[in-house]
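# Structural description and commentary
Here are the chains, one letter per residue:
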Amino acid sequence: MKQYFADCRLRQSLVNLRIPAVLMQVQETEWFSNDYIDHQKTRYRDVVCATSSAPTFFSDYSFNGLNYVDGGVTTNNPSYNILTHARLQ
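Fair warning: this is a prediction, and the values are worked out from it, not measured in the lab.

About the cut-offs
Residues numbered from 1 in each chain as written. Predicted model: local features only at pLDDT ≥ 70, side-chain atom pairs only at ≥ 80, totals over all residues. Heavy atoms only, no water. Helix = DSSP H or I, 4+ residues; strand = E, 2+ residues; numbered from the N terminus. Buried < 20%, exposed > 50% of the residue type's maximum accessible area, 1.4 Å probe, protein only. Lys, Arg positive; Asp, Glu negative; His and termini not counted. Salt bridge = Lys/Arg side-chain N within 4 Å of Asp/Glu carboxyl O. Polar contact = N/O pair within 3.5 Å; in protein donor to acceptor, adjacent residues only side chain to side chain. Core = buried A, V, L, I, M, F, W, Y, C linked by side-chain atoms within 4.5 Å. Phe/Tyr/Trp six-rings, centres within 6.5 Å; stacked < 30°, edge-to-face > 60°.

## Considering unusual backbone geometry
Even without being glycine, A6 reaches a positive phi, approximately 50 degrees. Structurally, A6 can be placed in the loop between α1 (2-5) and β1 (19-23). Phi at N64 is positive, roughly 55 degrees, even though this residue is not glycine. Looking at the element boundaries, N64 is found in the loop between β3 (61-63) and β4 (66-70).

Below, the structure written as structure tokens:
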């Protein structure tokens, strides 16, 4: 991942992003978004690894002291959430 994303951060995105990953400590979906101030410094490679950590195939992915697994575990089709968020903008 490092070779593709280097040290790029979510705040550098040219489009609005909403990427789900399950935060294992509370077993809830966290939506990584470049418009959320707490996520703006988050690296792309961390979000990509977090949202891709399908439990059947990969171990959870840890960064910033938190463990994440694939967002599809709780949000198999994120389109409704994304559409709702877009309408509120």
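This is not the end of the story, as more comes after the structure.
## Let's talk about the side chain of E30
With respect to the helices and strands, the residue E30 is situated in strand β2 (residues 28-32). The buried charged residue E30 lacks any salt bridge partner; its closest oppositely charged side chain belongs to R18, at an N-O distance of 10 Å. Within the local environment of E30, its side chain forms a polar contact with the side chain of H39, the two groups lying 2.8 Å apart. Polar side-chain contacts of E30 include one of 3.0 Å to the side chain of Y68.

## Observations concerning the nonpolar core
With 10 residues, the main nonpolar core is built from L10, L17, A21, L23, F32, Y44, V47, A50, F63 and Y68. When residues of this core are traced back to their parent elements, those giving at least two are β1 and α2 (44-52). Broken down by element, the residue count for this core peaks at 3 residues, all from α2.

## Description of the packing of aromatic side chains
Within a pair of aromatic rings, the relevant descriptors are the distance that separates the centres and the angle that separates the planes. Taken as a whole and assessed by the stated rule, the structure comprises 5 aromatic pairs. Each ring, one from F63 and one from Y68, has its centre 5.1 Å from the other, and the planes form 25 degrees; the classification is stacked. In this structure F63 comes out as buried when scored by relative accessible area, which is 8%. An aromatic cluster is defined as three or more aromatic residues linked by ring pairs; in this entry it consists of F32, Y61, F63 and Y68.

## Points about the pattern of salt bridges
Enumeration according to the criterion identifies 2 salt bridges in this entry. Of the charged contacts in the structure, one is a salt bridge between D7 and R9, with a shortest N-O distance of 3.4 Å. Residue D7 is classed as partly exposed on the basis of its relative accessible area of 42%. For R9, a relative accessible area of 23% translates into the label partly exposed. Here R43 ties to D46 by a salt bridge, and the two come within 3.0 Å at their closest N and O atoms. For D46, a relative accessible area of 4% translates into the label buried.

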